[in-house]
Amino acid sequence: MLTFLLMAIDRYKHLKHPNKMRLPPLACTFGCWIVAFCIVLPYPVYTDYLDLGAYIKVQFEGVGICAVNMADDMQDYLRSLFVLTYLVPLVSMGYLYSKMSEILRDLMNLPAVFYSQDLTPRSCEMPSRLNEVQSTVSDSDDEEIDGYKESKTQKYLISMIISYAVCIGPLMILRLGKLEVSETYENSRHFDLTFMICVWLAFVPTVTTPLLFVAWNSDSSTKDRIRSYFKRTKVTAEQATRTVSTEGLAARNSIYTVQESIPA
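Quick caveat, the model's predicted, so the values are computed rather than measured. (Residues numbered from 1 in each chain as written. Predicted model: local features only at pLDDT ≥ 70, side-chain atom pairs only at ≥ 80, totals over all residues. Heavy atoms only, no water.)

Asker: Can you walk me through the overall build of the protein chain in this structure?
Answerer: For the protein chain, the helix and strand inventory stands at 8 helices and 2 strands. Helices and strands appear in the protein chain in the N-to-C order α-α-β-β-α-α-α-α-α-α. Put simply, the protein chain has 264 residues, and 22% of those count as buried. Accessible surface for the protein chain amounts to roughly 19,100 Å². Of this, 64% is attributable to carbon and sulfur atoms. (Helix = DSSP H or I, 4+ residues; strand = E, 2+ residues; numbered from the N terminus. Buried < 20%, exposed > 50% of the residue type's maximum accessible area, 1.4 Å probe, protein only. Areas by Shrake-Rupley, 256 points an atom, 1.4 Å probe, with all protein chains shown as cover.)

Structure (structure tokens):
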């Protein structure tokens, strides 16, 4: 989520100030690693090591388990993780992308201006208005921004964020709900099954994000070839199914014919 947030900040900065330097990727990568390390650093504080050999010396000598202390401070820690690593980035990205949508809308709605040699006072007003709009969009920067390309980029980035948030959301909510509901022997099976489903769902973005990235960077001809390939595969599968069903029907008819020809 922090990676998507940094990408949103970088894109917003680029659209507002196209000529200014963008965020360095290496610094952003190390920053994400350091922040992630700091986020999980307090977690071992709430983990206790239980030496089972101290309680049952014969069977469990040298065996120990790590148990999480679910005290009130642990609940506050998990709630803060939910807010700081899920809600705050989502709200921030929603705000940034709404602002970027306004900028791109202004860029794509700029009227086409045709200049002529004999400029009348009324025709001189149009370039001045155009310059005013461009100055409000790019803050007097000279580099032009391709509005259609940036709109396409924003569409795919928003799709990645939505898929990631939808897939990781149930796991984040389940972690909060587990703090409020006591786990017993009767509902432990349901807890484990729900947790397993949410964990597998949280891994879905590892598939959807690369697919969206490939679709984002593929041109129209590549997409047409992929569509035609799947269309041919579908047609071939339908023909194979139709052939198998026809052969099966012919085999059944031949069996009935042989049975009728055999005298009773």
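Having seen it, we continue.
Asker: Even after reading the chapter, I still don't get the confidence of the model for the protein chain, so can you show me in this structure?
Answerer: The predicted coordinates ought not to be read in detail in places where the model reports low pLDDT. With 67% of its residues at a pLDDT of 70 or more, the protein chain shows a mean pLDDT of 75. Predicted confidence is poor over residues 112–127, with pLDDT under 50, and the contacts of this stretch with residues over four places away or in other chains come to 6 contacts. In the predicted structure, residues 132–142 sits below a pLDDT of 50 and forms 19 contacts with residues beyond four places in sequence or in another chain. (pLDDT = per-residue confidence, 0-100. Contact = heavy atoms within 4.5 Å.)

Asker: What exactly am I supposed to notice about the side chain of arginine 11 here?
Answerer: Note that arginine 11 resides in helix 1 (residues 2–16). Polar side-chain contacts of arginine 11 include one of 2.7 Å to the side chain of glutamate 150. Each residue touching arginine 11, except ones within four places of it in the same chain, is listed here: Arg22, Tyr97, Met100, Leu104, Glu150, Thr153, Gln154 and Leu157. (Polar contact = N/O pair within 3.5 Å; in protein donor to acceptor, adjacent residues only side chain to side chain.)

Asker: Explain the state of the cysteines here, please?
Answerer: By the definition in use, this model includes 0 disulfides. Just so you know, cysteine 28 is unpaired, no disulfide at all, and the nearest cysteine sulfur is the one on cysteine 32, 6.7 Å from it. (Disulfide = S-S within 2.5 Å.)

Asker: Got a minute to help me understand the packing of helix 5 (residues 147–180) against helix 6 (residues 188–202) in this structure?
Answerer: Each pair of packed helices can be described by the angle between their axes along with the distance between the axes. Running from N to C, helix 5 and helix 6 point in directions that differ by 150°, and their axes come no closer than 7 Å. Judged by the angle between their axes, helix 5 and helix 6 are roughly antiparallel. In this structure, the crossing between helix 5 and helix 6 has a hand that is left-handed. Packed against helix 5, whose contacting residues are Cys167, Ile168, Pro170, Leu171, Leu174 and Lys178, the element helix 6 presents Phe191, Thr194, Phe195, Cys198, Val199, Leu201 and Ala202 at the interface. (Axes fitted to C-alpha atoms, helices over the stretch in contact; angles between N-to-C directions. Parallel < 35°, antiparallel > 145°, perpendicular 65-115°, else oblique. Left-handed = near helix turned anticlockwise from the far one by under 90°.)

Asker: Looking at this structure, I do not really get the UniProt feature "transmembrane region" (unreviewed entry) in the protein chain. What am I missing?
Answerer: Listed under "transmembrane region" (unreviewed entry) in the UniProt record, and renumbered for this structure, are residues 21–43, 77–98, 156–173 and 193–216. Helix makes up 100% of residues 77–98 and strand 0%. Its end C-alpha atoms lie 31 Å apart. Taken end to end, residues 156–173 is 100% helix and 0% strand, and its first and last C-alpha atoms sit 26 Å apart. (UniProt positions renumbered as here; feature names shortened; annotations may be inferred.)

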